[in-house]
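What follows is the residue order along each chain.
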Amino acid sequence: MRLENYEMHLPNYSIGDHIYDKIGPVCESYGRKVLVIGGRKALAAAYDKIKSYTDQTRLVIIGKEIYGENCTYETVEKLRAMPLYQEADMVFGVGGGKALDTVKCLCITDDKPVFSFPTIASNCAACTSVSIMYNEDGTFLKPHFFVRPVMHAFIDTEIIAKAPAQYMWAGIGDTYAKYYEATISSRGERLEHFTALGTAVSRMCRDPLIDYGRKAMEDHRKGLCTYEVEQVVLAIVVTTGIASIFLTRDFTPDYNSGLAHAVFYALTSYPVIEERHLHGEVVAFGVLLALLADEQYEEFELIYSLNRDLGLPVSLEEIEITGEQWKECEKRIPDMSDVAHYPYRVTEEMLEKAMRQLKERAQKNV
């Protein structure tokens, strides 16, 4: 059946170590008054550089605000009530995923121009048209989708290279997951044009990480802004965002998730995950189980080797989860929405077998 009257809004972005000189040409047509909202550490790292470039334009920064602690609807409403927000012609969102998702939920809902300034490369929040919403207690609530992403993303690789390397480290795991989850979820189907594009694009969520991931992490830990770092940042922030937009539409099945994310969301039932581990770190572990469950053994070896080299988890112990807790997850995962659109039924027995194979692989220690 032919789909009619759908629209796609893809991200616009600039990337480089002095990319803020594009602020004027990109943003001035949207107004004059700018409100900057971001995370505390992110503003400390990027605000002065943003302001120095903004001062060279016709724009005026009328305020700088900390977004809050988490991406919740309550936080969004507090920001919406600020007089400075009402006065601003546009908002610059600065930070990582939760800060950018908060600002997106605030501004895109109100149709106020918003621009993203990612300061870490842990996810695609700067370029995608969804915010991951949490409850006030920090637990996952739901994704909140929008018709478009931000107006433009300014990806300063110098700032990202100087950020803690653990964020890009985790971002690598969340990014290669996109390829495996998209290709498994769409397997054997006649795809709409945009879903086929998203699945094809998702290959670029995997290949640069295999090619450049190890060197990029070495350089990032030294605070260097190299070609390899830039390629990995592009994969994490831009490619994954583009793939997500193509793969998630409200009138088609969701090809944007899968077993790796189901593993993550099931494990968030245990406080240690949110308190001591990063999203992409745990998703990277979930990818190993997803590949074993799907019997992609060559790909499993490729990702297992990459995880080992980068220090991403290959065992329950590395994410501080007990065998008993995993047994509980094995019962919950088959009924989770992330695996609702899969080419086969994910079963408790399948998960048990995958975990047994993962443990056997770890015992080889090669």
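The structure this text deals with has already been given above.
It should be emphasised that the depicted structure is a prediction, and the values quoted were computed from it without experimental measurement. (Residues numbered from 1 in each chain as written. Predicted model: local features only at pLDDT ≥ 70, side-chain atom pairs only at ≥ 80, totals over all residues. Heavy atoms only, no water.)

*Asks:* Give me helix 5 (residues 97-110): which residues, what numbers.
*Replies:* Between its terminal C-alpha atoms helix 5 stretches 20 Å, which fits the 20 Å expected from 14 residues at 1.5 Å a residue. In terms of residue burial, helix 5 counts as a mostly covered element, since 11 of its 14 residues are buried. Asp111 sits one or two residues past helix 5 and shows a positive phi near 55°. (Helix = DSSP H or I, 4+ residues; strand = E, 2+ residues; numbered from the N terminus. Expected span 1.5 Å × (residues − 1). Buried < 20%, exposed > 50% of the residue type's maximum accessible area, 1.4 Å probe, protein only.)

*Asks:* Can you tell me about the nonpolar core, naming the residues and giving the values?
*Replies:* With 75 residues, the main nonpolar core has Tyr176, Leu259, Leu267, Trp326 and Ile333 as its most contacted residues. Aside from chain neighbours lying at most four places away, what touches Trp326 is Val263, Leu267, Leu289, Leu316, Ile321, Ile333, Leu351 and Met355. (Core = buried A, V, L, I, M, F, W, Y, C linked by side-chain atoms within 4.5 Å. Contact = heavy atoms within 4.5 Å.)

*Asks:* An account of the packing of helix 15 (residues 323-332) against helix 16 (residues 348-364) is requested, with residue identities and associated values reported.
*Replies:* Helix packing geometry: the angle between the two helix axes and the distance between the axes. In the contact formed by helix 15 and helix 16, the axes pass within 8 Å of each other and the chain directions differ by 140°. Handedness of the helix 15/helix 16 crossing: right-handed. The segment helix 15 lies against helix 16, with Trp326, Lys327, Glu330 and Lys331 engaging Glu348, Leu351, Glu352 and Met355. Tallied by class, residues from the contact of helix 15 with helix 16 come to 3 nonpolar, no polar and 5 charged. (Axes fitted to C-alpha atoms, helices over the stretch in contact; angles between N-to-C directions. Left-handed = near helix turned anticlockwise from the far one by under 90°. Nonpolar A, V, L, I, M, F, W, Y, C, P; charged D, E, K, R; others polar.)

*Asks:* Describe the sheet that holds strand 4 (residues 90-95), with residues and values.
*Replies:* Strand order in the open sheet made by the 6 strands is 1-8-5-4-2-3, with parallel pairing throughout. The open sheet is flanked by strand 1 (13-16) and strand 3 (60-66), the only strands paired with a single partner. Across this sheet, the average inter-strand angle for adjacent strands is 20°, counted without regard to direction. Inspection of the sheet shows strand 1 paired to strand 8 (residues 152-156) by 4 bridges, in the parallel sense. Residue pairing for strand 8: Ile15 is matched across the bridge by Ile155. With respect to the sheet, helix 2 (residues 40-54) is in contact with strand 2 (33-38), strand 3, strand 4, strand 5 (114-118) and strand 8, its orientation differing from that of strand 3 by roughly 175°. With respect to the sheet, helix 10 (residues 227-247) is in contact with strand 1 and strand 8, its orientation differing from that of strand 1 by roughly 155°. (Pairing = 2+ DSSP bridges.)

This is a description of form; function is not addressed.
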